[in-house]
Amino acid sequence: MIAMTDRTETLKRTAIQIRRDIMDIAAHCGNGTIHVGPALSCTDIVTALYFDVMNVDPQNPLWEGRDRFVMSKGHAYPALYSALAERGYFPREELLTTRRINSRLQGHPALGKTPGVDMTSGSLGNGLSCGLGIAWALKLQKKNAHVFVLLGDGELQEGAVWEAAMSAPNHRIDNLTAIVDYNHLQSGGSVENINDLHPLADKWRSFGWKVFEIDGHDIDEITDRLRLAKTFYGRPVCIIAHTVKGKGISFTEHDNSWHSRTATQEEFEIAMKELDVQEEALGPVPLKGGVWDETV
Amino acid sequence: MRQFEMEKRTTRDAYGAAVFELAKEDPSIIAIGADTTHNIGLRDMTQAMPDRVIDVGIAEQNMMAVAAGLAATGMKVWGGSFAPFVSMRALEQFRTFIAYPHLNVKMCGGMGGLSGSWEGVTHQSTEDMAIMRTIPGTTVVYPADTASTRAIVRALDRFPGPAYLRLGKVPFRRIFDDSYVFVPGKANLLEDGSDLTLIGCGATLARCLQAKDLLAEKGISARVLDMSCIKPLDKDAVCAAADETGAIVTVEEGSVIGGLGGAVAETLVQYRPVPVKIVGVKDVFAETGEHEALMDKYGLSVADIVCAAQEVLAKKKG
Ligand SMILES: Cc1ncc(C[n+]2csc(CCOP(=O)(O)OP(=O)(O)O)c2C)c(N)n1
Ligand SMILES: [Mg+2]
C-alpha cells in the first residue's frame, strides 16, 4: 500500500465527516427534502477547497483578502454548510436547522445570511458570472485572491454560463477557476439523454480556458490541480472533475432518486456504518508528532 | 372555524395530468420543460408519448423561445418550470416572442408564491403574479387546488393566447370538486355576505373562508370571492362587491405590490373608491420553511385577514 501523507489522510477524514453531516441533515431536518446526491458528488472538491486550497479566515469571514467560493450549483448546500461548520464559521449544532424556518442556513446558499457564504446561488447558470465579477473586482483592488466556482454538468446547459465563459479569457481574468462536477446526471435523468455536453473539454478550450481533467474523488489530484489553477497565469482554468452522483454511500451512488429527498432513520444508520468502515480503513488517528493514538 | 383537508397531490401533478388528457384528444398539443417536465406532472405523458414532451435541459430562456417557435408553427404549447425561472429568468422571451405576437402558449410556474418553501427565496416567487400581469394580453391564473387546476387547464385550452398559471410545489387544501367552473376573466362568488368582501386566490382562498367563519363569530358577514384569474380581472364582480358590501380585503400569497391587491385597487380607486386593505407579503423576501408556516409568518395568517377585515370595516363606518 502506498503510504498516505498526513495531509491526504486528514482531508479524507474530513470528507467522511462531511458525508456524515449530509446524511444527518437529510434524515433530521424536518419534512423538507434535501439534495443528498448533488452534495455527495462534490464533497471531495469542497473539502479540498476549504481544508487545503483556499486561503480563508473563519474568524473573519469578511476578510477582504480571502479566496472566494461560489457554489453555483447551489443545491449542493449540505456539503457547503457542513464544510463551513467544520471549518468553524458557525457552530456545528446549527447544521440541523438547515432549511428550517428562522434558520441562518437557507434552502440554497444565501449571501449575508450564513457566515462564510460568498455568493447567493440556487438559480442555476449564474455563478460563473458572479465569480467573474468578484475576480474582476479583486484584480481592480490589486488583491491577490482567487475565486473558485463550482458548476453542475446539467447546469452547463444554461446559456448564461457560456456568456461568462466567453468573457473571462477575453479579459484575461486569471484569478478565476471553474470546476465542473461532471457526474452525468441532472434532475430529470441523464445529461447525455437530455442535452449532451460532449465534447466538454473542447468547448472550454475553444472559449480560451486552460482545461484539466481530474478524478473528482481523488483528494490528491483535486488539491494538486486546484493549487496549480490558483497560480496559473494569463487565463482562467477550468477543471473538469469526473464524479459520481451520490458518491461515498453505496445506495446513493448513481441513484438519481437521491437528487432531492429525505433519508429514513434506517438509511441514515446504514450510511453511518458504511462511513465508519471507510474511516476505520484509514487506520488510527495520528497524533501530532507522528505517534498513533490507538484509543481513538 | 371550518378546516380543509390537505390534498395528497399537488396542483403541479394536476396540471400535467390535465395537459396529458388534452394531448390525447388534440394532436396539436405539445408540452415543454427545462429539466422540469417531471416537476410539472408530465411524467406519465412523457412515458406515453415521448415525442410530444420536449425537454430542452436546464435552459429556461431557450425553452421559452422554442415554445414561441412551436406556437408560431401551429402547435398549442403547454410548458413550464419553477415560477421564478418562468416569470423572471425567461420573462423577456415570454413578453416579446409569446405575448407580443399573442401566441398560444400556456406556461406554468411551479413553486409559486411561498410554496417554494424549503428551497428558499431562490425558488419562491412572491413577484410572479405582479410581473406577469403587466404583460398585455396575458391571462394570469392561480388555482386553489387540484380539482380547480384541471378545470382551469381545460378552460384555458379553449381560450387562445398566452397564459401564466402559478402552481404549488407542495399540496394545498382541498376546496373544490369536479363541478368547479372556470371562465377566464370571471370571479366565482363562493359565499355571500353583506359587511365586506374578502377576495383571494390560490392557497389563500381556504384562509379567506376560515376568516369568514371567525368574522361571523364576531357578528360580521363577509362575502368571499374566488379571484383565481387575476387577469383579465373581473371588474364587474369587484365593483358589485364594492356596491353591495362597501369594503374590500384582498389576500394574496405574494408581494402587496402589484398583484391581486394592486389589480383590485386599480379598479376600485377609479370606479368605486371604498376602503381597501391589501393582505400579502410586505415587500420583503421570505425565507426557507414549511409552506403554511411561512404564510403565517409573512402576514397571511387567518388572524391577519380578520384583523384587516376589522380595519376596513372601521373605515367604512367612520
Ligand atoms: C435556473 C434553474 N433552473 C432549474 C433549477 C432546478 N434544478 C435544481 S438542481 C437541477 C439539476 C442540476 O443538475 P446538475 O447541474 O447536473 O447538478 P447535480 O444534480 O448533478 O448536482 C435543476 C434542474 C434551478 N435550481 N435553477
Ligand atoms: Mg450533474
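Residues numbered from 1 in each chain as written. Chains lettered and ligands numbered in written order. Predicted model: local features only at pLDDT ≥ 70, side-chain atom pairs only at ≥ 80, totals over all residues. Heavy atoms only, no water.

## What about the coordination of the magnesium ion (ligand 2)?
Residues and elements named next belong to chain A.
Logical step 1: Here the magnesium ion (ligand 2) is held by the protein donor atoms Asp153 (OD), Asn183 (OD1) and Leu185 (O), which lie 2.0 to 2.1 Å from it.
Logical step 2: The sequence motif formed by the donor residues of the magnesium ion (ligand 2) is D-x29-N-x1-L.
Logical step 3: Among the residues examined, Leu185 registers a relative accessible area of 17% and is labelled buried. (Donors = N, O, S within 2.8 Å, 3.2 Å for Na, K, Ca; no water. Buried < 20%, exposed > 50% of the residue type's maximum accessible area, 1.4 Å probe, protein only.)

## Examining the sheet that holds strand E11 (residues 248–255) of chain B
Residues and elements named next belong to chain B.
Logical step 1: In spatial order, the strands read E7-E9-E8-E11-E12; together these five strands make up an open sheet with mixed pairing. Unpaired on one side and paired on the other, strand E7 (188–191) and strand E12 (276–281) mark the two borders of the sheet. Across the sheet, the axes of successive neighbouring strands diverge by a mean angle of 25°, strand direction being ignored.
Logical step 2: Two strands pair when backbone bridges link them, and strand E8 (residues 196–200) and strand E9 (residues 222–226) are joined in this way by five bridges, in the parallel orientation. Directly across from Gly200, in E9, lies its bridge partner Asp226.
Logical step 3: Packed onto the sheet, helix H10 (residues 260–271) meets E8, E11 and E12 and runs at close to 145° relative to E11.
Logical step 4: Against the sheet, helix H12 (residues 302–317) engages E8, E11 and E12, with an angle of about 160° to E12. (Pairing = 2+ DSSP bridges. Helix = DSSP H or I, 4+ residues; strand = E, 2+ residues; numbered from the N terminus. Axes fitted to C-alpha atoms, helices over the stretch in contact; angles between N-to-C directions. Contact = heavy atoms within 4.5 Å.)

## Examining the interface of chain B and chain A
Logical step 1: Facing 22 residues of chain B, the contacting portion of chain A comprises 28 residues.
Logical step 2: Taken over both partners, the interface formed by chain B and chain A buries close to 1,900 Å², and the fraction arising from carbon and sulfur atoms is 46%.
Logical step 3: In terms of surface lost to chain A, no three residues of chain B exceed Ile58, Arg89 and Trp118 of chain B, which account for 32% of the buried area on that side.
Logical step 4: On inspection of chain B and its partner chain A, the count reaches two salt bridges.
Logical step 5: With a shortest N-O distance of 3.2 Å, Arg89 of chain B and Glu158 of chain A are connected by a salt bridge.
Logical step 6: At the level of secondary structure, the elements contributing two or more residues to the side of chain B that touches chain A comprise helix H4 (83–89) and helix H11 (291–297) of chain B.
Logical step 7: The biggest single contributor to the side of chain B that touches chain A is H11 of chain B, with three residues. (Buried area = accessible area lost by both parts, 1.4 Å probe. Salt bridge = Lys/Arg side-chain N within 4 Å of Asp/Glu carboxyl O.)

## Comments concerning the packing of aromatic side chains
Pairs of aromatic rings are described using the distance from one ring centre to the other and the angle between the two planes.
Logical step 1: Within this structure, the stated rule accounts for eleven aromatic pairs over all chains.
Logical step 2: Each ring, one from Tyr50 of chain A and one from Phe69 of chain A, has its centre 5.8 Å from the other, and the planes form 90°; the classification is edge-to-face. On the criterion of sequence distance, the pair formed by Tyr50 of chain A in helix H3 (residues 43–53) and Phe69 of chain A in strand E1 (residues 68–71) is long-range, its members being 19 residues apart. Taken as a pair, Tyr50 of chain A and Phe69 of chain A share a single burial class, namely buried.
Logical step 3: Judged by centre distance (5.0 Å) and plane angle (45°), the ring pair of Trp162 of chain A and Trp204 of chain A falls under tilted. Taken together, the residues Trp162 of chain A in helix H6 (residues 159–170) and Trp204 of chain A in helix H8 (residues 200–206) connect sequence positions 42 residues apart.
Logical step 4: You can call Trp204 of chain A buried: its relative accessible area is 0%.
Logical step 5: Here the aromatic residues Trp162, Trp204, Phe207 and Trp209 of chain A are joined through ring pairs into a cluster of three or more.
Logical step 6: Over the aromatic face of Phe20 of chain B sits the side chain of Lys24 of chain B, whose NZ or CZ is 4.2 Å from the ring centroid.
Logical step 7: Positioned above the aromatic ring of Tyr142 of chain B is the side chain of Arg166 of chain B, whose terminal nitrogen or guanidinium carbon lies 4.6 Å from the ring centre. (Phe/Tyr/Trp six-rings, centres within 6.5 Å; stacked < 30°, edge-to-face > 60°. Lys NZ or Arg CZ within 6 Å of the ring centre and 35° of its normal.)

## Examining the pattern of salt bridges
When the charged atoms of two side chains with opposite charge come close together, those side chains can pair.
All names here are of chain A.
Logical step 1: Taken as a whole, this structure holds 40 salt bridges over all chains when the rule is applied.
Logical step 2: In this structure, Glu279 engages Arg20 in a salt bridge whose closest nitrogen and oxygen atoms are separated by 2.9 Å. You can see Glu279 sitting in helix H10 (residues 265–281) and its partner Arg20 sitting in helix H1 (residues 6–28), a full 259 residues away along the chain.
Logical step 3: Classification of Glu279 as buried rests on a relative accessible area of 19%.
Logical step 4: Look at Arg20 and you get buried, because its relative accessible area is 14%.
Logical step 5: Measuring nitrogen to oxygen at the nearest pair gives 3.0 Å for the salt bridge that ties Arg205 to Asp202. Taken as a pair, Arg205 and Asp202 lie in helix H8 at a separation of three residues, close to a single helical turn.
Logical step 6: When its relative accessible area of 43% is taken as the criterion, Asp202 is described as partly exposed.
Logical step 7: Several salt bridges converge on common partners, so that one network encompasses Glu9, Arg13, Arg20, Asp276 and Glu279.

## Overview of the site of ligand 1
Logical step 1: Inspection of the region around ligand 1 gives 24 residues, with Lys73, Asp153, Asn183 and Lys245 of chain A together with Glu60 of chain B positioned closest.
Logical step 2: Close to ligand 1, residues of chains A and B are found.
Logical step 3: Note that a nitrogen atom of ligand 1 is positioned 2.8 Å from one of the backbone N or O atoms of Gly122 of chain A.
Logical step 4: Here His259 of chain A contributes a side-chain N or O atom positioned 3.4 Å from an oxygen atom of ligand 1.
Logical step 5: In isolation ligand 1 has 590 Å² of accessible area, and contact with the protein removes 98% of it.
Logical step 6: Of all elements in the fold, only strand E4 (185–186) of chain A together with H4 of chain B reach the threshold of two or more residues within the shell around ligand 1.
Logical step 7: Residue composition of the shell around ligand 1, grouped by class: six nonpolar, ten polar and eight charged. (Near = heavy atom within 4 Å. Polar contact = N/O pair within 3.5 Å; in protein donor to acceptor, adjacent residues only side chain to side chain. Areas by Shrake-Rupley, 256 points an atom, 1.4 Å probe, with all protein chains shown as cover. Nonpolar A, V, L, I, M, F, W, Y, C, P; charged D, E, K, R; others polar.)

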